[in-house]
Amino acid sequence: MQNKGLVKLFAILFGLVSLYQLSFTFSANSVEKEAQEVAINKISESEPDYRALRSQEEANFLQEKATDTVYNIGIAKFTYNEVKQKAMNLGLDLKGGINVVLQISVNDILKGLANHTTDPVFNKALEDATELQKDSQNTYLEDFFTAFDAIKGDTKLASPDIFYTRELDGEIDGSMSDDDVKSIIETKIDESIVSAFEVLRKRIDEFGVTSPNIQRLGTSGRILVELPGVKDVERATSLLQSTAQLEFWDAYKGEQFYQFIDQANAVLKDIVVSEDAQEVEPQDEENAQNDQIDDLLGDAETDSTAVEENNPLGKLIRGLGYQGGPIIAKFEIKDKETVLDYLNRPQVRALLPAEQRYAKFVFGKPEKDSEVVDLYALIGNRENTPQLSGAVVTDARNQFGPTGKSEVSMQMNAKGAKIWEEMTGKAYTQGSQIAIVLDNVVYSAPGVTTGPIAGGSSSISGDFTLNEAIDLANVLRAGKLPASADIIQSEVVGPSLGKEAIESGTMSFLIALALVLLWMIFYYGKAGAFADIAMLLNLLLIFGILSGLGAVLTLPGIAGIVLTIGMSVDANVLIFERIREELAKGKGQAEAIKDGFSNALSSILDANITTGLTALILFVFGTGPIKGFATTLLIGIATSLFTAIFITRLLIDWYSNRGGKLEFSTGITKNLFRNIKIDFLSKRKLAFIISGALIVVSLGSLFVNGLNQGVDFVGGRTYQVRFAQDINASEVTSLLSSPEVFGSADAKTFGDANQLKITTKYKVNESGAAVDEDIRKSLYEALVPHLEGITYEQFIDLNDENKQVGLLESYKVTPTIADDIKQASFWAILGSLIVVFLYILFRFKKWQYSLGAVVAVFHDVLIVLGVFSLTYKFMPFNMEINQAFIAAILTVIGYSLNDTVVVFDRIREFFNEHTSWKFDKVVNASLSSTLSRTLNTSLTTLVVLLAIFIFGGDSIRGFMFALIVGVIVGTYSSLFIATPIMYDSIKKLEDQN
């Protein structure tokens, strides 16, 4: 081998750089472990909410260490921030945390740009666009334009009732065409989404998450946020979805509305109460004023049953506000929507006197553990805008108030300070209150007792916890979202599940590695030991590159690395088998080694390039963990080529030049698969019959049984729940499918018998934190008899790294994004087939080779789908068709092509060497000569896959099963489908000529 010195230099440098990169991971882990120990020692488990306090203490410790030197290598020093930036990041499934796709509401942005117009054409177009989105791959804005064009008539987008508003004056005028306006609106929408992205990024930075990932997904208004390691999931989710719409309103006194509530109640009797309801006995006019409040509270002594039935609003009241205060009445939290619906009905609002006709009814923030909430009336206006908005806030900090409770202090700009001084002066003079409203909830409504407040300083109090105050201050500093942000896809993994995933992933990795290392020595002797050394260097390089690139290591990523181990054996097997062939020809050791490496190079490159192409497509179309799988596979292919071609050669040449003798086999394997002569082509008809039968059965099952499509493709919610005792999945399915719970649900044993994966499409088209909370509560209430008495808070708590019972993971996909995922998966598979067809055509110059390879791939994919269709109902592990399954299919395609290309390469070689041979002899000889390599590689890969399947954890068991079936079928198809199809198509063309 030429340039040995350069190869040695590169190997040493790459190895040292990899160790250098990995050292940052060890350093960061050390600091974080110290932070955990400090938090545990400082915060006792006896303290209330100790997990949240420990989490905050850890964050504080790491914040203090952020600029401290924590790693010194002599020639350079690094702070914790620098170390963490260079360390390898663990993904969601290994560390716990959340992964969400947020949809910024373009609908909200459009309404804002149109100044919340009541134009019927505009609002109908919004409704139609929302409906179109259910089955559309377009952006919401594109569908809005389509819907508007379909119904606009003479209405123009530049109408003063739509986009020709005061805010857009100067950019849009009434003479513009719709196309001109569309271009401007597209720009405005993009600016709003960029603004949302920046707001979210600032919030996440303030939140203190290590190694967050936030990125825009195309132009759809979707933003991907990954927060690995987050323990307080509820807090993080709230942070992401909060619009932070801070407003300051003057508030009415509560008693000003007592008469209105009484009148509203009377009007509602005729509207709400059914026809057969009894009328309330009329009260004496003289006592009506005195008994008004008693009537509203339902406490009147006369005919209490009649009052209850004829008191639609009054019966909901659970108390009144204090005299002179801003609270009208108290209601149960569950009745909030009903009360607002009653009060905002046109017939009811018509009862308000002229000076109160723009009153805005808003509920307050309920106190902790309270079931009631206060109702306020705010002084509104025709535009329904507050006297002062949160846009004037320039800074916000959490602090402790005079009573020791957490609150948020704010500083306003000059304009805000002036308005704030006027508002507080008015409130002081009138003895009234100012309501501080965040996201349409009154957090506090204080009075002003010391005169007008100058300078723009103020504070918000509202029974905050420490974390709530910190988060609110962070959100106010970062700014508000320009529109609502709904979670349309989410994955939440508890740290206990991540901890188990690391343990199972490490176990599978070590077992697979040990099996491969031992197999290589068993089969190839000393040469196998040299291949093992190269393989260990390969692993070092993979981890070093992952760390250097800042890539995220996931459980599928570990599977990709372990699979790389199995596939990297292929390159060494190809080389060693070619060397054995050269030795069998009588060549000397040095010459045989030289020719073996040279002859194997073409097959190695072709096989790895085809696999690499499918991995690249997987990387482009995949998201989250699947992208991690593709990343490690791509890196593994590159490093495997380097170590197999150069490092193994370097070690073998070094040993050979010192006089060492290499047999490239052991006593057991010396004559294994030697001198094989099998007439494969004569068996092709039988193979076609067998394959045809398998395909017919697969297609039949796909038609009858279908596939178990996961929520990735159909939408829905999935929950992984662990119980204290073994539980019957069928009973839970029946329980959750009852009309009182979800109406439809599916529970399957997931791993151990005490663990279920529960899927439901209940409220699949609804999103928002309140809906998610409602569904989780319903799930808990249905399962509580089997949960050993744990509370709802304990059930959903994902802070505990040692959690054994309750909710461990949740996953949500809305139907809109499910359609996008399904389409992306389709294009990924189709794209891989087209790319591979073209590559094989380019390499082998005949379309028949491409045809044989692609037919074999279709054969493999159909059979894998058929196996899943036939067995998903009774297999004891998850066999959903989801993104991970698509990754498995693409890997199967790559592996099948790997085998096929090696055979084709040998056919091309023999065809050029043995020009006198008939074509069928060339094909049979090629298949026979590569059989040793084919079986050796397949068996090694299967051993690796089985190790992952058995020890790698429940979440990737279905993924591994697909790969195992794919490798078996792919090995078969390369011998009995791809090559015979290629042979028959060439022979048919020759016969026609």
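Remember, predicted model here, so these are calculated numbers, not experimental data.

**Looking at the packing of aromatic side chains**
Stage number 1. On inspection of all chains with the given rule, the structure shows 37 aromatic pairs.
Stage number 2. For the ring pair Phe257 and Phe260, a centre distance of 6.2 Å and an interplane angle of 85 degrees mean the geometry is edge-to-face. The same class applies to Phe257 and to Phe260, which are both buried.
Stage number 3. Look at Phe911 and Phe919: their rings are 6.0 Å apart centre to centre, the planes differ by 85 degrees, and that puts the pair in the edge-to-face class.
Stage number 4. When its relative accessible area of 12% is taken as the criterion, Phe919 is described as buried.
Stage number 5. Through pairs of rings, three or more aromatic residues link up here, namely Trp519, Phe522, Tyr523, Tyr524, Phe576 and Phe664.
Stage number 6. Directly above the ring of Phe24 sits Lys86, whose terminal nitrogen or CZ lies 5.6 Å from the centroid.
Stage number 7. Geometry around Phe911 places Lys846 over its ring, the cationic atom sitting 5.9 Å from the centre.

**Details of the nonpolar core**
Stage number 1. Residues Phe576, Phe885 and Ile907 are the most contacted members of the largest nonpolar core, which totals 121 residues.
Stage number 2. Other than its neighbours up to four places away in sequence, Phe885 contacts Val864, Leu865, Phe868, Glu880 and Ala962.
Stage number 3. In this structure, Phe148, Leu200, Ala483 and Ile487 belong to the second largest nonpolar core, which totals 48 residues.

**Some words on a negative patch on the surface**
Stage number 1. Taken together, the side chains of Asp169, Asp173, Asp179 and Asp180 define an acidic patch exposed on the protein surface.
Stage number 2. In this structure, Asp173 sits in the loop between helix H7 (140-151) and helix H8 (178-207).

**A word on a nonpolar patch on the surface**
Stage number 1. On the surface, Leu616, Phe619, Val620, Phe621, Phe826 and Trp827 cluster together to form a nonpolar patch covering roughly 580 Å² of accessible area.
Stage number 2. Counting only elements with at least two residues in the nonpolar patch, the list comes to helix H21 (589-621) and helix H28 (815-844).
Stage number 3. Mapping Leu616 onto the fold places it in helix H21.

**Regarding the packing of helix H23 (residues 684-704) against helix H29 (residues 847-871)**
Stage number 1. Closest axis-to-axis distance for the H23/H29 pair is 8 Å, and the angle between their directions is 50 degrees. By the criterion of interaxial angle, the relationship of H23 to H29 is oblique. Taken as a pair, H23 and H29 cross one another with a handedness that is left-handed. In this structure, H23 uses Ser691, Leu694, Ile695, Val697, Ser698, Leu699, Ser701 and Leu702 to contact H29, whose residues at the interface are His859, Leu862, Ile863, Leu865, Gly866, Ser869 and Leu870.
Stage number 2. When grouped by side-chain class, the residues that make up the contact of H23 with H29 number nine nonpolar, six polar and no charged.

**Here we look at the environment of Leu942**
Stage number 1. Tracing the sequence through the fold places Leu942 in helix H31 (residues 919-951).
Stage number 2. Residue class for Leu942 comes out buried when judged on its relative accessible area of 17%.
Stage number 3. Sequence separation of Leu942 and Val965 is 23 residues, and the distance between their C-alpha atoms is 9.4 Å.
Stage number 4. Aside from chain neighbours lying at most four places away, what touches Leu942 is Ile964, Val967 and Ile968.

**Some thoughts on the packing of helix H25 (residues 729-736) against helix H26 (residues 769-783)**
Stage number 1. Axis separation between H25 and H26 bottoms out at 10 Å; the angle between their running directions is 125 degrees. Our classification of the angle between H25 and H26 gives oblique. Like other packed secondary-structure pairs, H25 and H26 cross with a definite hand, here right-handed. On the side of H25, the interface is formed by Val732, Leu735 and Leu736, while H26 contributes Leu779, Ala782 and Leu783.
Stage number 2. Along the lines of polarity and charge, the residues of the contact of H25 with H26 split into six nonpolar, no polar and no charged.

**Some details on unusual backbone geometry**
Stage number 1. Although it is not a glycine, His116 adopts a positive phi angle of roughly 50 degrees.
Stage number 2. Locating His116 in the fold gives a position in the loop between helix H5 (106-113) and helix H6 (120-132).
Stage number 3. We note that Phe664 has phi near 60 degrees; this positive angle belongs to a residue other than glycine.
Stage number 4. Look at Phe664 and you get buried, because its relative accessible area is 1%.

**Re H7**
Stage number 1. Compared with the 16 Å implied by 1.5 Å per residue over 12 residues, the 17 Å span of H7 between its first and last C-alpha is a close match.
Stage number 2. Within H7 the residues assigned to the buried category are Tyr140, Leu141, Asp143, Phe144, Phe145, Ala147 and Phe148.

**Section: the pairing of strand E15 (residues 433-438)**
Stage number 1. The buried count for E15 comes to six of six residues, which makes it a mostly enclosed element.
Stage number 2. The alternating pattern of E15 places Gln433, Ala435 and Val437 and Ile434, Ile436 and Leu438 on opposite faces, both of which are buried.
Stage number 3. Direction of pairing for strand E7 (residues 246-251) relative to E15: antiparallel, over a ladder of six bridges. Bridge pairing links Asp250 to Ile434 in E15.
Stage number 4. When E15 meets strand E16 (residues 441-444), the two strands line up antiparallel, connected through three bridges. Residue pairing for E16: Leu438 is matched across the bridge by Val441.

**A short note on the pairing of strand E22 (residues 755-760)**
Stage number 1. For E22, the buried fraction is high: six of the six residues fall into the buried class.
Stage number 2. Neither face of E22 is open: one carries Gln755, Lys757 and Thr759, the other Leu756, Ile758 and Thr760, and all of them are buried.
Stage number 3. In terms of strand pairing, strand E20 (residues 716-722) meets E22 through six bridges, oriented antiparallel. When the bridges of E22 are listed, Thr718 appears paired with Thr759.
Stage number 4. Bridge count for strand E21 (residues 745-749) against E22 is five bridges, and the pairing is antiparallel. Its bridge partner lying in E22, Ala745 is registered against Thr760.

**Comments concerning the side chain of Ser896**
Stage number 1. Summarising the element assignment, Ser896 is placed in helix H30 (residues 883-913).
Stage number 2. What makes Ser896 buried here is its relative accessible area of 0%.
Stage number 3. Discounting residues that sit within four places of it in the chain, Ser896 has contacts with Val857, Asp860, Gly970 and Ser973.

**Some points on the pattern of salt bridges**
Stage number 1. Tallying each qualifying case throughout the model produces 32 salt bridges.
Stage number 2. Ionic pairing is found between Glu57 and Lys42, a salt bridge with its closest N-O pair at 3.2 Å. Of the two residues, Glu57 is situated in helix H2 (residues 50-65) and Lys42 in helix H1 (residues 4-42); the sequence distance between them amounts to 15 residues.
Stage number 3. The exposure class assigned to Lys42 is exposed, which follows from its relative accessible area of 53%.
Stage number 4. Two residues, Glu582 and Lys585, come together in a salt bridge whose shortest N-O distance is 3.6 Å.

**Details of empty space enclosed by the protein**
Stage number 1. Counting across every chain of the model gives seven cavities of 30 Å³ or more.
Stage number 2. Approximately 80 Å³ is the volume found for the largest cavity.
Stage number 3. What lines the largest cavity is Leu574, Glu577, Arg578, Glu581, Asn599, Ala600, Ser603, Val902, Arg906, Ser929, Thr930 and Arg933.
Stage number 4. Breaking the lining of the largest cavity down by element, the ones donating at least two residues are helix H20 (555-584), H21, H30 and H31.
Stage number 5. Tallying contributions element by element places H20 first for the lining of the largest cavity, with four residues.
Stage number 6. Among the residues forming the lining of the largest cavity, the class breakdown is three nonpolar, four polar and five charged.

**Thoughts on the sheet that holds E20**
Stage number 1. The strand order across the open sheet formed by eight strands is E5-E6-E4-E18-E23-E20-E22-E21, and the pairing between neighbours is antiparallel. Only two strands of the sheet have a single neighbouring strand rather than two, namely strand E5 (213-217) and E21. On average, adjacent strands in this sheet sit at an angle of 20 degrees to one another, irrespective of strand direction.
Stage number 2. One ladder, built from seven bridges, connects E20 with strand E23 (residues 806-813); its direction is antiparallel. When the bridges of E23 are listed, Tyr719 appears paired with Ser810.
Stage number 3. Strands in contact with H25 are E21 and E22; relative to E21, the strand with the most contacts, it is inclined by about 165 degrees.

About the thresholds
- Residues numbered from 1 in each chain as written.
- Predicted model: local features only at pLDDT ≥ 70, side-chain atom pairs only at ≥ 80, totals over all residues.
- Heavy atoms only, no water.
- Phe/Tyr/Trp six-rings, centres within 6.5 Å; stacked < 30°, edge-to-face > 60°.
- Buried < 20%, exposed > 50% of the residue type's maximum accessible area, 1.4 Å probe, protein only.
- Lys NZ or Arg CZ within 6 Å of the ring centre and 35° of its normal.
- Core = buried A, V, L, I, M, F, W, Y, C linked by side-chain atoms within 4.5 Å.
- Contact = heavy atoms within 4.5 Å.
- Patch = residues over 30% accessible without salt bridge, like charges linked within 9 Å, V, L, I, M, F, W, Y side chains within 5 Å.
- Areas by Shrake-Rupley, 256 points an atom, 1.4 Å probe, with all protein chains shown as cover.
- Salt bridge = Lys/Arg side-chain N within 4 Å of Asp/Glu carboxyl O.
- Lys, Arg positive; Asp, Glu negative; His and termini not counted.
- Charge placed at Lys NZ, Arg CZ, Asp CG, Glu CD.
- Helix = DSSP H or I, 4+ residues; strand = E, 2+ residues; numbered from the N terminus.
- Axes fitted to C-alpha atoms, helices over the stretch in contact; angles between N-to-C directions.
- Parallel < 35°, antiparallel > 145°, perpendicular 65-115°, else oblique.
- Left-handed = near helix turned anticlockwise from the far one by under 90°.
- Nonpolar A, V, L, I, M, F, W, Y, C, P; charged D, E, K, R; others polar.
- Expected span 1.5 Å × (residues − 1).
- Pairing = 2+ DSSP bridges.
- 1 Å grid on protein atoms, 1.4 Å probe; cavity = no way out; pocket = protein on both sides within 12 Å on 5 of 7 lines; lining within 4 Å.
- Points joined across faces, edges and corners; volume = space filled by probe spheres on them.

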